Amino acid sequence: MSAVIPRHRVNVLTGIKSAKLIEDPVEYANLIKKAKRPLLVVGPLLLASTPDGKILMEYALNIAKACNIPICATAQTKGKIVELGVQPDCVYDVVEIVNALKDPDWKGVKKEGNHDLVMFFGIRSDLGNQGLSTLKHFAPHLKTMTLCKHYFPHASYSVPNFKKDEKWLEFLEGLIANLRKGD
Amino acid sequence: MAQVKEITRKLEEIHKKIKAEIPWEPVGPTPMPEIPDLRQWDMRLLKTYAPFYAPFCDLCCFCTYGKCDLTEGRRGACGIDIATQQARFVLLACLMGCSAHAAHGGHILEFLIERHGPDKKIDLGTFIEVEAPNIRTVVGMKPETLGDLVIALDYVFKEIGHLLDSCHTGQEGSALDYESKALHASMLDHVGMEVADIAQIVGFGYPTSVADTPLVELGWGAIDKTKPVILVSGHNPATSTVLIDYLREHNLEDQVEVCGLCCTALETTRYSDKAKIVGPLSRALFFMRTGVADVIMTDEQCIRTDTPQEAAKVGSAMIACLDKAMYGLEDATETDTDEIVRRMVDNKEQFAILDPAKAAEVAVRVAMKIAPERKKGWLTEEEAIELAKKCTNCRMCEQVCPNLFNIGGGITEVAKGNFDLIRQQFLQCIGCGKCEQECPNNVPIFKIMQTAAGTETWKCRAGRGPVMDTEIRNVGAPITLGTIPGVIAIVGCSNYPDIGDIADMVEEFAKRRYIVVLTGCAAMAAGMKKDKDGLTVYEKYSPNFDAGGVVNIGSCVANAHISGAALKIANIFAALPLRGNYEVMADYVLNRVGACGVAWGAYSQKAASIGTGFNRLGVPVVLGPHSSKYRRLYLSRKEEDDWKVMDARKREIVDTVEPAPEHLAYVCETKEKAMPMIAKLCIRRNDTPQGRAIKLNHYVSLYKKYISPGLPEDLHLFVRRDADIPLVYKKEVREYLQKIGWKPREPIGLPTLIGTYPTKVPIDAVIH
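Given the structure is predicted, the values throughout are model-derived calculations rather than measurements.

J.: Any chance you could break down the overall build of chain B for me, citing the residues and the numbers?
T.: The helix and strand tally for chain B stands at 29 helices and 22 strands. Whereas a compact globule of 768 residues would reach a radius of gyration of roughly 27 Å, chain B reaches 26 Å, a difference of no more than 12%. Dimensions of chain B, computed from C-alpha atoms along their principal axes, come out at roughly 80 × 60 × 60 Å. Per-residue burial over chain B gives 58% buried out of 768 residues. Taking all contacts inside chain B whose residues are at least 6 apart in sequence as the whole, residues at least 24 apart take part in 76%.

Structure below.
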């Protein structure tokens, strides 16, 4: 059991099965590349901008583009994604996509079968962690991963709590670069 | 044979209790239902709206076998699995909520029966004949006196006992059965709430059969600090009404300021329009820490467990007035009044006083004595800047904030003389105080936030109690046909992502001619925002239960009047008998009454039971993001779930395909997502083409406004025929439907779930 304390105490784990903490973007990229049917679930926190004016959503779209990963747009994110020139593969709110994912027989976003790796990115951390808890307990057929700047104990894989945003953005840039490298 | 005899004996007993011989309506199949009696209805609901669990914890720690790890399919030592454990938690939460309201009702009833006698007639005014739709439907009784309400409550308490029993370790092994029990407990909650509010209206003479109740002052800026100030806090108005009586009897009403927090504030302003509303629960700690209150009187429920400590910190006197929260204080109910006053003034002692008349006298006398000696100044901006300089923006506060924001960022801006961020953060603050507790530099965050709060005042319409029968007659047809697009019930507590969301939601739906009803903290929050002309939603919109109306029904317990309004539509408009006829009524509401609850800031167990009670009645509820911590939602799978109904006219089962309503308990992350979802959840199978077109017009336009310029991805599921397409989007929608190969569907004469699952209710019972 990891001793990592999540950034937000509301997410402190009361239990025994916590996320594997991964700090290396190469390792993260390899997990994503290894997945057969990954899915990227994006949330409204990605509508914010970085200090240099880049919209966080652009990181998500670059990750998706690098490995042709389908995107699920939650909350009001569809508008911005379309504005950035991408059509999301599906639009659900976070509880709806989690509800579908926990069904092993669900055909998935591309109707090719349920996903084996689900990445959460930009969902508020309490709601995101609750959704990941649902998947941890009721979707043993898939793994989960988070890309936000904090540790999410209910995920299968999580990044650490990044003290500085620059470090987190560096991690994301590194991840994108490694995904683009191919196998 | 013995079993038949037992059933007959039980039924006779029930018939005796509900005075079945009084033939106001035939007694339906389930008067005073017990746990199994509505189970089949629940199971039918849960088939489509399956429980969705988000465990807060991997373990069970209820008994000494544990802790038991329930991950990866493991069962606990008693055999329980993770889903069933979540459902057990949900039932316990609903039972706490139901008990809080029922016990509140029980206390008020006892108090009022002592004052007026058990034969005091229930009279809710000229325009209300169906005085107690929940009691009539669930209990099967038409209460005529305060004494009759005791019969309804006795039934509720008996059921609570059985339900609580089922939570004991090693019993119920099915999540679905726990859910059915939670639905049962929550239905009972609406009975308990109805008892409480009817008793209050009758016993205290609250407004009834009137829509245009007074506009009362809201906000702590409205409080005259130069006078002695008494703060009443909580939910049970026995204390505050007696306090007002005392002031009136002693000609002191203009000399002493009475203000309230949470639902007691709403109750007090129903009794006296001179009383002021401080605000919802999220403002409680802020206000207490200003020290403006000379005396704080707590009653029950949402009153904070640290009130004595907080009062002592700022030199406010404090009296605990109800046995629900005595805080370890000396019980001075039997102590001489002069002696209590002396000790409170001289020694600053705090007491529990369970006699409302004595508590009122003590509060007034103490307030008048200590007020002139106390300083009650607001912090100035200059003082705030100095205090804020201690903040190093270490962000420890952010880690414990339930709303996840960095208050330190706002405080460091204050230190620079910039108050913009802290003002914005104040709107997101739920007032728990954990940030200040965590601060390593002891920055008085709440004190600094006083400057962000300002002293702005607003208007809130006093709670009006039940919707009038006359109003139901006017709106019954347009609601069930869909031409009034929906009734939006914005209810519950103040655990909001942003308090301003509430007024925005009210405004959005009122201007679209929905009927917006409010209760509890949400009713106050709705008034805490002004438009460019300086008006609140209560000043802008009609107080009538009609299209475009904004109606403050009252406190938490007044939620029973919202479920009651839905029942009245079935009874008064559709002429369906409601006596002991819950299944038929709920089926009617689910299929015909386009109502949607919104509990955007739900935090409490009471909110859990209120919402779940609406769910059993077929009313969906949209919850704010914090409510994922309730652990359970009721969600459908849209295109994959069972949307079959019986067409009662043709007597055949039809697959409608349309998910209407799509979910029963649903969490949204943002206000922007909630807006179109609320509109969508008002869609019902019974909508006429004209009504459906109106509803879809709002769904599409809210989607375009808040989500994306395109069309909703699931629009095709709700278009049955071309006539359903809203005129303004005709071309765009037709093109979309053609592209996806949409086919029109046959209309359904009389949609009902009765006949699609095993039930004793005959299909004929739904035909009106």
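What follows continues from the structure just given.
J.: Just give me the short version of the nonpolar core, but keep the residues and values in it.
T.: By size, the foremost hydrophobic cluster in this structure holds 319 residues, and its most contacted members are Leu40 of chain A together with Ile230, Ala363, Ile490 and Val516 of chain B. Counting residues per element, this core draws most heavily on helix H3 (residues 82-116) of chain B, at 17 residues. Filtering out sequence-adjacent residues up to four positions away, Ile230 of chain B remains in contact with Leu243, Val256, Val258, Ala293, Asp294, Val295, Met297, Ala363 and Ala367 of chain B.

J.: Go over H3 of chain B with me, naming the residues and quoting the values.
T.: One turn of an α-helix holds 3.6 residues; hence residues three or four places apart share an orientation. All names here are of chain B. Here H3 contains 35 residues, and its C-alpha end-to-end distance of 50 Å stays within 8% of the 51 Å for a straight helix at 1.5 Å per residue. Among the 35 residues that make up H3, 27 are buried, leaving the element largely enclosed by the rest of the structure. Just downstream of H3, Gly117 is the residue with a positive phi angle, here 90°.

J.: Hey, could you go over the environment of Tyr178 of chain B for me, with residue numbers and the actual values?
T.: Residues and elements named next belong to chain B. Relative to the assigned elements, Tyr178 resides in helix H6 (residues 175-204). Here the alpha-carbon distance between Tyr178 and Gln85, two residues 93 residues apart in the chain, equals 9.1 Å. Residue contacts for Tyr178: discarding those within four places in its chain leaves Thr84, Ala87, Arg88, Val90, Leu91 and Glu172.

J.: Quick one: what's the story with the domain arrangement of chain B, residue by residue and with numbers?
T.: All names here are of chain B. Parsing chain B into structural domains produces domain 1 (16-204), domain 2 (220-373), domain 3 (381-453) and domain 4 (458-766). Centre-to-centre, using C-alpha coordinates, domain 1 lies 23 Å away from domain 4. Taken residue by residue, the interface counts 59 residues in domain 1 and 57 residues in domain 4.

J.: Let's hear about the sheet that holds strand S20 (residues 652-655) of chain B: which residues, and what values?
T.: All names here are of chain B. The strand order across the open sheet formed by 3 strands is S20-S19-S22, and the pairing between neighbours is antiparallel. Edge positions in the open sheet fall to S20 and strand S22 (751-752), since each of these has one partner strand only. Relative to S22, strand S19 (residues 644-647) runs antiparallel, the two being bridged by 2 bridges. Residue pairing for S22: Met646 is matched across the bridge by Thr752.

J.: Explain the interface of chain A and chain B residue by residue, including any values.
T.: Opposite the 35 residues of chain A that make contact, chain B presents 33 residues. Only helix H3 (77-83), helix H4 (94-101) and helix H5 (125-138) of chain A provide two or more residues apiece to the side of chain A that touches chain B. Residue composition of the side of chain A that touches chain B, by class: 13 nonpolar, 14 polar and 8 charged.

J.: Got a sec to walk through the packing of helix H2 (residues 56-67) of chain A against helix H6 (residues 165-181) of chain A? Specific residues and values, please.
T.: Residues and elements named next belong to chain A. Relative orientation of the contacting elements H2 and H6 amounts to 15°, with a least axis distance of 8 Å. Of the possible angle classes, the one that applies to H2 and H6 is roughly parallel. Crossing geometry of H2 relative to H6 is assigned as left-handed. Here Tyr59, Asn62, Ile63, Ala66 and Cys67 of H2 come into contact with H6, specifically with Leu172, Leu175, Ile176, Leu179 and Arg180. When its residues are assigned to classes, the contact of H2 with H6 shows 8 nonpolar, 1 polar and 1 charged.

J.: Describe the environment of Val210 of chain B, and please don't skip the residues or the numbers.
T.: Assignment of secondary structure puts Val210 of chain B in the loop between H6 and strand S4 (215-218). A C-alpha to C-alpha distance of 8.6 Å links Val210 of chain B and Gly465 of chain B, two positions 255 residues apart in sequence.

J.: Would you mind going over the packing of helix H11 (residues 337-347) of chain B against helix H12 (residues 356-370) of chain B in detail, with residue names and values included?
T.: Packed helices, taken two at a time, are described by the angle their axes make and the gap between the axes. Residues and elements named next belong to chain B. The interhelical angle for the contact between H11 and H12, taken along N-to-C directions, is 40°, at an axis separation of 10 Å. Put simply, H11 runs oblique to H12. Crossing of H11 against H12: the hand is right-handed. Contacts between H11 and H12 involve Thr337, Ile340, Val341, Met344 and Val345 from the first element and Lys358, Glu361, Val362, Arg365, Val366, Lys369 and Ile370 from the second.

Cut-offs applied
- Residues numbered from 1 in each chain as written.
- Chains lettered and ligands numbered in written order.
- Predicted model: local features only at pLDDT ≥ 70, side-chain atom pairs only at ≥ 80, totals over all residues.
- Helix = DSSP H or I, 4+ residues; strand = E, 2+ residues; numbered from the N terminus.
- Rg over C-alpha atoms; globule rule 2.2 N^0.38 Å.
- Buried ≥ 20, exposed ≤ 12 C-beta atoms within 10 Å, placed from the backbone.
- Contact = placed C-beta atoms within 7 Å.
- Core = buried A, V, L, I, M, F, W, Y, C linked by C-beta atoms within 7 Å.
- Expected span 1.5 Å × (residues − 1).
- Domains from an automatic or database assignment.
- Pairing = 2+ DSSP bridges.
- Nonpolar A, V, L, I, M, F, W, Y, C, P; charged D, E, K, R; others polar.
- Axes fitted to C-alpha atoms, helices over the stretch in contact; angles between N-to-C directions.
- Parallel < 35°, antiparallel > 145°, perpendicular 65-115°, else oblique.
- Left-handed = near helix turned anticlockwise from the far one by under 90°.

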